[in-house]
Amino acid sequence: MKAYVNDTCIGCGMCNSICPSVFDMTDEGVAQAADATVAAADEASVREAIDSCPVCAIEEQ
């Protein structure tokens, strides 16, 4: 799986706090996902981040 943060991100940092190995915050104050395929060990955390995002900005690809 891969994760993608779309343009609706408000920069709350929830995803980064749940799964910092996949999500980080940009200099613009919004989240971005790592370009690489998500490691199997991180998939559950990515799904938790998807479910926890208050604006549904994280998509699974």
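Preceding block: the structure.
Here the structure is a predicted model, which is why all the values come from computation and not from measurement.

Comments concerning the overall build of the chain
Helices and strands together make up the secondary structure of the chain, namely 2 helices and 4 strands. Element order for the chain, N to C, with α for helix and β for strand: β-α-β-β-α-β. Scaling as 2.2 N^0.38, a compact globule of 61 residues should have a C-alpha radius of gyration of about 10 Å, and the chain matches this with 10 Å. In terms of overall dimensions, the chain has C-alpha extents of about 30 × 20 × 20 Å along its principal axes. A buried classification covers 33% of the 61 residues belonging to the chain. Taking as baseline every contact in the chain between residues at least 6 positions apart, the subset at least 24 positions apart corresponds to 60%.

Overview of the pattern of salt bridges
Working definition: two side chains of opposite charge can pair if their charged atoms are close together. Counting across every chain of the model gives 2 salt bridges. The residue Glu43 makes a salt bridge to Arg47 at a minimum N-O spacing of 3.7 Å. Here Glu43 and its partner Arg47 are both found in helix α2 (residues 43-52), 4 residues apart, which amounts to about one turn of the helix. On the basis of relative accessibility, which here comes to 24%, the residue Glu43 falls in the partly exposed class. For Arg47, a relative accessible area of 37% puts it in the partly exposed group. Measuring nitrogen to oxygen at the nearest pair gives 3.3 Å for the salt bridge that ties Glu60 to Arg47.

Conventions we followed
Residues numbered from 1 in each chain as written. Predicted model: local features only at pLDDT ≥ 70, side-chain atom pairs only at ≥ 80, totals over all residues. Heavy atoms only, no water. Helix = DSSP H or I, 4+ residues; strand = E, 2+ residues; numbered from the N terminus. Rg over C-alpha atoms; globule rule 2.2 N^0.38 Å. Buried < 20%, exposed > 50% of the residue type's maximum accessible area, 1.4 Å probe, protein only. Contact = heavy atoms within 4.5 Å. Salt bridge = Lys/Arg side-chain N within 4 Å of Asp/Glu carboxyl O.

Don't take any of this as a statement about function, it's just geometry.
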